Amino acid sequence: MTKEIILTGDRPTGKLHIGHYIGSLKNRVMLQNTGKYDSYIMIADTQALTDNARNPEKIRNSLIEVALDYLAVGLDPEKSTIFVQSQIPALFELTTDYMDLVTLSRLERNPTVKTEIKQKGFGDSLPVGFLTYPVAQAADITAFKATLVPVGDDQEPMLEQTREIVRSFNRTYNVDVLVEPKGYFPPKGQGRLPGLDGNAKMSKSLGNAIYLSDDAETVKKKVMSMYTDPNHIHVEDPGQVEGNTVFTYLDVFDPDKDTVAQLKEDYQKGGLGDVKIKRYLNKVLEAELAPIRERRQKYAENLDAVYDMLYQGSQKANQVADQTLQEVRDAIGFNYFKNRG
Ligand code: TRP
């Protein structure tokens, strides 16, 4: 039986946080464990370089942290192929070929890239590689003939771009080589975890994240500092639940929905203090994070084995990507030496 194929990945620009966990990692582990898919998980160091060319050390250091985060949440190299983007040369030849099928104005319309360009404040110094990374991402996805791409909502434009490239390639060269992927997104309302400060996005640059690698003491401190209802000054005051980050987190993390409903009611009535709900949230988070943290520590004691795992994964990924590249060269007709070596 041929299985459906999953490909996804992350840029290694720092450690992963619980926003990544909720937005994507948890889904990947669940999909992996169904046994129904061939899963490829890629650490996208070359994509990370598109806006960090002068800081490769950051990417190098983050690569191993991301690998540890993967293993910690339960991605299993026996079930998923975990590999490193820069070590797969076929991806870059595919990218070059695909670039000829995409217009500059199409790239300039990509809403996610547009937002990133604004946020990063490139001004007149926008690297070409950054603008074109959606094309490279199409190469990542199609090299493995992935049908399913579990990602956060912000990645939908990359999938649309990939599908356009697939159709264009197959039509142009009159073949059926590349495969259109579908996205796999977190359930509505759970895709994006707000930051500790109530900002809509949890991110390293905003300094409002809980990391999978944070120790228990750090998590507790962060939880106690969380944004709640700024008008809930005295314990007896009625408090607001909407937009209250503590309750947003409880909705996402606490499997005990009845207790959450009761806490909300009490909070809205007045008489339930912020410290109490924060202590409760901390307990709920610990139940999920403690086993992750323990696994992470165990793997961190043997980094050699982790690099070994990435090497093996990259070897396997290379075989698959090379096969697709061969088919792409055949389609274009760049196979002059086919029977010569
Ligand atoms: N763009 C993704 C991110 O920023 C990382 C990524 C690179 C990716 N290539 C991919 C995700 C292919 C899914 C499929 O996190």
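Reading the values: rules and limits
Residues numbered from 1 in each chain as written. Predicted model: local features only at pLDDT ≥ 70, side-chain atom pairs only at ≥ 80, totals over all residues. Heavy atoms only, no water. UniProt positions renumbered as here; feature names shortened; annotations may be inferred. Helix = DSSP H or I, 4+ residues; strand = E, 2+ residues; numbered from the N terminus. Rg over C-alpha atoms; globule rule 2.2 N^0.38 Å. Buried < 20%, exposed > 50% of the residue type's maximum accessible area, 1.4 Å probe, protein only. Contact = heavy atoms within 4.5 Å. Lys, Arg positive; Asp, Glu negative; His and termini not counted. Charge placed at Lys NZ, Arg CZ, Asp CG, Glu CD. Salt bridge = Lys/Arg side-chain N within 4 Å of Asp/Glu carboxyl O. Near = heavy atom within 4 Å. Polar contact = N/O pair within 3.5 Å; in protein donor to acceptor, adjacent residues only side chain to side chain. Areas by Shrake-Rupley, 256 points an atom, 1.4 Å probe, with all protein chains shown as cover. Nonpolar A, V, L, I, M, F, W, Y, C, P; charged D, E, K, R; others polar. 1 Å grid on protein atoms, 1.4 Å probe; cavity = no way out; pocket = protein on both sides within 12 Å on 5 of 7 lines; lining within 4 Å. Points joined across faces, edges and corners; volume = space filled by probe spheres on them. Domains from an automatic or database assignment. Buried area = accessible area lost by both parts, 1.4 Å probe. Phe/Tyr/Trp six-rings, centres within 6.5 Å; stacked < 30°, edge-to-face > 60°. Lys NZ or Arg CZ within 6 Å of the ring centre and 35° of its normal. Axes fitted to C-alpha atoms, helices over the stretch in contact; angles between N-to-C directions. Parallel < 35°, antiparallel > 145°, perpendicular 65-115°, else oblique. Left-handed = near helix turned anticlockwise from the far one by under 90°. Patch = residues over 30% accessible without salt bridge, like charges linked within 9 Å, V, L, I, M, F, W, Y side chains within 5 Å.

- An unreviewed UniProt entry lists the protein chain under the name Tryptophan--tRNA ligase, with Lactobacillus delbrueckii as the source organism.
- For the protein chain, the Catalytic activity (unreviewed entry) comment in UniProt is given as "tRNA(Trp) + L-tryptophan + ATP = L-tryptophyl-tRNA(Trp) + AMP + diphosphate + H(+)".
- In the Sequence similarities (unreviewed entry) part of its UniProt record, the protein chain is described as follows: "Belongs to the class-I aminoacyl-tRNA synthetase family."

1. Some thoughts on the overall build of the protein chain
Now for step 1: Scanning the protein chain for helices and strands turns up 14 helices and 5 strands.
Now for step 2: Whereas a compact globule of 341 residues would reach a radius of gyration of roughly 20 Å, the protein chain reaches 22 Å, a difference of no more than 12%.
Now for step 3: Across its three principal directions, the C-alpha atoms of the protein chain cover 80 × 45 × 40 Å.
Now for step 4: Per-residue burial over the protein chain gives 49% buried out of 341 residues.
Now for step 5: The long-range share in the protein chain, meaning contacts at least 24 apart out of those at least 6 apart in sequence, stands at 76%.
Now for step 6: Charged side chains of the protein chain number 42 positive and 48 negative; the gap between the two group centres comes to 1 Å.

2. Some details on the pattern of salt bridges
If the charged atoms of two oppositely charged side chains come close together, the side chains can form a pair.
Now for step 1: Under the defined criterion, the tally for this structure stands at 17 salt bridges.
Now for step 2: The salt bridge involving glutamate 160 is made with arginine 163; its shortest N-O contact spans 2.9 Å. Of this pair, glutamate 160 and arginine 163 both sit in helix 9 (residues 156-172), 3 residues apart, which is roughly one turn of that helix.
Now for step 3: Residue classification places arginine 163 among the buried positions, given a relative accessible area of 14%.
Now for step 4: One salt bridge connects arginine 167 with glutamate 160, and the closest N-O pair in it is separated by 3.9 Å.

3. Some thoughts on the site of the ligand
Now for step 1: Taken together, the neighbourhood of the ligand is formed by 14 residues, with Arg11, Gln47, Gln137, Asp140 and Gln155 sitting nearest.
Now for step 2: One nitrogen or oxygen atom from the side chain of arginine 11 is found 3.2 Å from an oxygen atom belonging to the ligand.
Now for step 3: In the environment of the ligand, a nitrogen atom lies 2.8 Å from a nitrogen or oxygen atom belonging to the side chain of aspartate 140.
Now for step 4: Contact with the protein chains removes 90% of the 370 Å² of surface that the ligand exposes when unbound.
Now for step 5: Only strand 1 (4-10) and helix 8 (133-143) provide two or more residues apiece to the shell around the ligand.
Now for step 6: Broken down by element, the shell around the ligand gets its largest block of residues, 4 residues, from strand 1.
Now for step 7: Class assignment of the residues belonging to the shell around the ligand gives a composition of 6 nonpolar, 5 polar and 3 charged.

4. Details of the layout of surface pockets
Now for step 1: Here the largest pocket defines a volume of roughly 1,400 Å³.
Now for step 2: Lining the largest pocket are 49 residues, and of these Arg11, His20, Glu116, Asp154 and Lys201 lie nearest its centre.
Now for step 3: When grouped by side-chain class, the residues that make up the lining of the largest pocket number 14 nonpolar, 21 polar and 14 charged.
Now for step 4: Estimates place the volume of the second largest pocket at around 290 Å³.
Now for step 5: Residue lining of the second largest pocket: 14 residues in total, with Leu63, Val84, Gln87, Tyr307 and Leu310 positioned closest to the centre.
Now for step 6: Of all the secondary-structure elements, those providing two or more residues to the lining of the second largest pocket are helix 3 (56-73) and helix 14 (303-332).
Now for step 7: A per-element tally of the lining of the second largest pocket places helix 14 first, with 6 residues.

5. Here's the deal with the domain arrangement of the protein chain
Now for step 1: Domain annotation for the protein chain reports domain 1 (4-192 + 302-332) and domain 2 (216-298).
Now for step 2: Between the C-alpha centres of domain 1 and domain 2 there is a distance of 34 Å.
Now for step 3: Listed per partner, the contact involves 14 residues of domain 1 and 10 residues of domain 2.
Now for step 4: Summing both sides of the interface, domain 1 and domain 2 together bury roughly 980 Å²; the carbon and sulfur share of this comes to 58%.
Now for step 5: Contact with domain 2 buries area across many residues of domain 1, yet Ile18, Tyr21 and Ala72 alone supply 47% of it, more than any other trio.

6. Quick word on the packing of aromatic side chains
Now for step 1: Counted by the stated rule, this structure contains 10 aromatic pairs.
Now for step 2: Positioned over the ring face of tyrosine 133 is arginine 11, at 4.6 Å from the centre of the ring.
Now for step 3: A cation sits over an aromatic face here: lysine 298 above tyrosine 299, 5.8 Å from the ring centre.

7. Regarding unusual backbone geometry
A negative phi holds for most residues other than glycine; trans holds for most peptide bonds.
Now for step 1: Although it is not a glycine, lysine 145 adopts a positive phi angle of roughly 50 degrees.
Now for step 2: For lysine 145, the location among the structural elements is in the loop between helix 8 and strand 4 (148-150).
Now for step 3: On the accessibility criterion, lysine 145 (22% relative accessible area) is partly exposed.

8. Notes on the packing of helix 3 against helix 13 (residues 274-300)
Now for step 1: As a packed pair, helix 3 and helix 13 sit with axes 8 Å apart at the nearest point and diverge in direction by 130 degrees. Viewed along their axes, helix 3 and helix 13 adopt a mutual orientation that is oblique. The interaxial crossing formed by helix 3 with helix 13 has right-handed handedness. Counted together, Glu65, Leu68, Asp69, Leu71, Ala72 and Val73 of helix 3 and Ile292, Arg295, Arg296, Tyr299 and Ala300 of helix 13 form the full contact between these two elements.

9. A short note on a nonpolar patch on the surface
Now for step 1: On the surface, Phe334, Tyr336 and Phe337 cluster together into a nonpolar patch covering about 410 Å² of accessible area.
Now for step 2: Mapped onto the fold, tyrosine 336 is located in the segment after helix 14.

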